[in-house]
Amino acid sequence: MRLKKGPPDFILFITTLALVGVGLIMVFSSSAVTANLEYHNAYHFFKRQLIWAAIGLVTMIVIMRINYYRLKDLAFPAMIIALICLVLVLTPLGIGAKGSTRWLGVGALTFTPSEMVKLAMVMFMAKVMEQNLDKIKSFKNGVLPYLLIMAFVCALIMKQPDLGTSFVVAGTVFCMLLIAGAKWSHMGALAVTGAGAVALAIYVAPYRAERFLAFLDPWKYPSDQGFQVIQSLYALGSGGLFGMGLGRSRQKFFYLPEQHTDFIFAILGEELGFMGALLVLALFLLFAWRGFKIAINAPDTFGSILAAGITIMIVFQAFINIGVVSGALPVTGITLPFISYGGSSLLLTMAGVGLLLNISRYSS
């Protein structure tokens, strides 16, 4: 397919760089104390994140320069590879930490297959939805096949266990089906069923049930399941309007667990205050606006669904993470895109942005 090529979306590009820049600053600030204690080098996590950011930037620019329609043929192989990696995580090759087995690799070179499957899933779904657009109004032939694929992927992710990522995958596919033209009645019934499935997943796993009860009243469990949320709220509350100052967080001194990964937004709020947190929220809203604008103006159905899916995946995960950190949602254990420490997450998120920028070059 030959398309007229123009410049990429400048606002989206700058917004992405701004989020990555904020992330690098906050990874250093939030991790320096822990890194100094564990590795005798306050820059340990920062240097690793900086390297991944550089690789991610190169990847984003390379993907941005290739006609996205040519990448369509990679959707199926990418999905197969991602599924194989998800299965390998459940074998002795999987690397476990803190009660979960979510990584593959050797030594310091590890990656998270669930991060790979999110992007592969969006590409795969965009391709097959475009090919079967005439069937999307039918539940049996148009919606059910996608649900079965989604359920299989989410089941593999749940085995790690990782409820948060499976929720992001399910939510993204749900929204993509709506965008592709699925009936609201079908999707409404699906939403009710999905809520029941989430409730069942919480009920059958005692640790999830404890987390949910702690979410309802964290102060009732101050020394165990409610501890992390309480410390996060202390951090956000201490920040006030303008924050305590960059690098001056108190909660990062071993009070708040996962302070440079899942709960980095709490440290950001503590050090930069309400205004700093508001700036990050504004950047994600700006990202959503440009992403959906690209989807609306995409030259074909595949590009439109793909752009919408990538935008939803990133922004949905961001607001789940922020909801968890602020106590508005139960603890799920997912990172804040672009900002939390994590190489595979940053790399694959920036790869997704590369696809968005790619589509924007051919948008009207």
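Because the structure is predicted, anything quoted here is derived from the model rather than measured.

## Some thoughts on the packing of helix α7 (residues 163–180) against helix α8 (residues 184–204)
Item 1. The geometry of α7 relative to α8 is characterised by a closest axis approach of 11 Å and an angle of 170° between their N-to-C directions. Between α7 and α8, the angle is such that the two are roughly antiparallel. Of the residues in α8, those in contact with Phe167, Phe174, Leu177 and Leu178 of α7 are Trp184, Met187, Leu190, Ala191 and Val198.

## A word on the nonpolar core
Item 1. Formed by 96 residues in total, the largest nonpolar core has its most connected members in Val153, Leu177, Leu306, Phe338 and Ile339.
Item 2. When near neighbours in sequence (up to four residues on either side) are disregarded, isoleucine 339 contacts Leu19, Val22, Gly23, Val27, Ile264, Val280 and Phe284.

## Side note on the packing of helix α4 (residues 75–89) against helix α6 (residues 139–158)
Item 1. Their axes nearest at 9 Å, the elements α4 and α6 cross at an angle of 35°. Like other packed secondary-structure pairs, α4 and α6 cross with a definite hand, here left-handed. Two secondary-structure elements touch here, α4 through Met79, Leu83, Leu86 and Val87 and α6 through Ile149, Phe152, Val153, Leu156 and Ile157.

## Concerning the pattern of salt bridges
Item 1. Counting across every chain of the model gives 4 salt bridges.
Item 2. A salt bridge links aspartate 9 to arginine 290, with the shortest nitrogen-to-oxygen separation between them at 2.8 Å. Highlighted residues: aspartate 9 in the segment before α1 (10–39) and arginine 290 in helix α11 (residues 264–297), separated in sequence by 281 residues. Arginine 290 matches aspartate 9 in its accessibility class, with the two residues each being buried.
Item 3. A salt bridge links glutamate 271 to lysine 252, with the nearest nitrogen and oxygen atoms 3.3 Å apart. Note that glutamate 271 is positioned in helix α11 and lysine 252 in the loop between α10 (227–239) and α11, a separation of 19 residues in sequence. Per residue, the accessibility class of glutamate 271 equals that of lysine 252, and both read buried.

## Quick look at empty space enclosed by the protein
Item 1. Summed over all chains, the structure comprises 2 cavities of 30 Å³ or more.
Item 2. One number sums up the size of the largest cavity: a volume of about 80 Å³.
Item 3. Contributions of two or more residues to the lining of the largest cavity are made by α5 (113–131), α12 (301–325) and α13 (343–360).
Item 4. The residue makeup of the lining of the largest cavity, split by class, is 5 nonpolar, 3 polar and 2 charged.
Item 5. Quantified by volume, the second largest cavity comes out at close to 40 Å³.
Item 6. Lining the second largest cavity we find Lys118, Met121, Val122, Val168, Val169, Thr172, Val173 and Met313.

## Remarks on α13
Item 1. For α13, built from 18 residues, the straight-helix expectation of 26 Å at 1.5 Å per residue is met to within 8% by its first-to-last C-alpha distance of 26 Å.
Item 2. Burial analysis of α13 places 17 of its 18 residues in the buried class, which makes it a mostly covered element.

## Quick look at the confidence of the model for the protein
Item 1. For the protein, per-residue confidence averages 89 on the pLDDT scale, and 97% of positions sit at 70 or higher.
Item 2. Mean pLDDT across the elements of the protein ranges from a minimum in helix α9 (residues 206–216), with 73, to a maximum in α11, with 96.

## As for the packing of aromatic side chains
Item 1. Evaluated as defined, the whole model comprises 13 aromatic pairs.
Item 2. Ring centres 5.7 Å apart and planes at 45° place the aromatic pair phenylalanine 167 and phenylalanine 316 in the tilted group. A residue pair is termed long-range when its members are at least 10 positions apart, and phenylalanine 167 in helix α7 and phenylalanine 316 in helix α12 qualify at 149 residues.
Item 3. Classification of phenylalanine 316 as partly exposed rests on a relative accessible area of 27%.
Item 4. In textbook terms, an aromatic cluster arises when at least three aromatic residues are bridged by ring pairs, as seen for Tyr68, Tyr69, Phe302 and Tyr362.
Item 5. One Lys or Arg, lysine 72, reaches over the ring of phenylalanine 302 and ends 5.3 Å from the middle of that ring.
Item 6. The cationic tip of arginine 290 hangs over the ring face of tryptophan 289; the distance from NZ or CZ to the ring centre is 4.5 Å.

Conventions used here
Starting from 1, residues in each chain are numbered consecutively following that chain's sequence as written. The predicted origin of the model limits local features to residues at a pLDDT of at least 70 and limits the giving and counting of side-chain atom pairs to 80 or more, whereas totals for whole chains, interfaces and linings rest on all residues. With hydrogens and water stripped out, all remaining heavy atoms of the structure feed into the side-chain values. A fitted line through C-alpha atoms serves as each axis, taken over the contacting stretch for helices, and the angle formed by two N-to-C directions is quoted from 0 to 180°. Helix and strand definitions follow DSSP, with helices as H or I runs of at least four residues and strands as E runs of at least two, each counted in order from the N terminus. Here is the rule for angles: anything less than 35 degrees is roughly parallel, anything more than 145 is roughly antiparallel, 65 through 115 is roughly perpendicular, and the remaining ranges are oblique. By the convention used here, residues are in contact when the closest approach between their heavy atoms is within 4.5 Å. Here, nonpolar core refers to any group of buried Ala, Val, Leu, Ile, Met, Phe, Trp, Tyr and Cys residues whose side-chain atoms link them within 4.5 Å. Here's how the labels work: a residue is buried when its accessible area is under 20% of the maximum for its type, exposed when over 50%, partly exposed in between, all with a 1.4 Å probe on protein chains only. Should the near helix be turned anticlockwise from the far one by less than a right angle, the crossing is left-handed, and should it be turned clockwise, the crossing is right-handed. Any carboxyl oxygen of Asp or Glu within 4 Å of a side-chain nitrogen of Lys or Arg constitutes a salt bridge here. Cavities and pockets were defined on a 1 Å grid built from protein atoms only: a cavity is a group of points that admits a 1.4 Å probe but offers it no way out, a pocket is an open group of points flanked by protein on both sides within 12 Å along at least five of seven lines, and a lining residue is one with an atom within 4 Å of any such point. Grid points are joined across faces, edges and corners, and a volume is the space filled by probe spheres set on the points. Ten residues, namely Ala, Val, Leu, Ile, Met, Phe, Trp, Tyr, Cys and Pro, are considered nonpolar, four, namely Asp, Glu, Lys and Arg, are considered charged, and the remaining ones, Gly among them, are considered polar. An expected span of 1.5 Å times one less than the residue number is assigned to each helix. pLDDT expresses, on a scale from 0 to 100, how confident the predictor is about each individual residue. For Phe, Tyr and Trp, where Trp contributes only its six-membered ring, two rings pair if their centres lie within 6.5 Å, and the inter-plane angle classes them as stacked under 30 degrees, edge-to-face over 60, or tilted in between. Comment: the charge-over-ring label is applied if NZ (Lys) or CZ (Arg) is within 6 Å of the ring centre and within 35 degrees of the ring normal.

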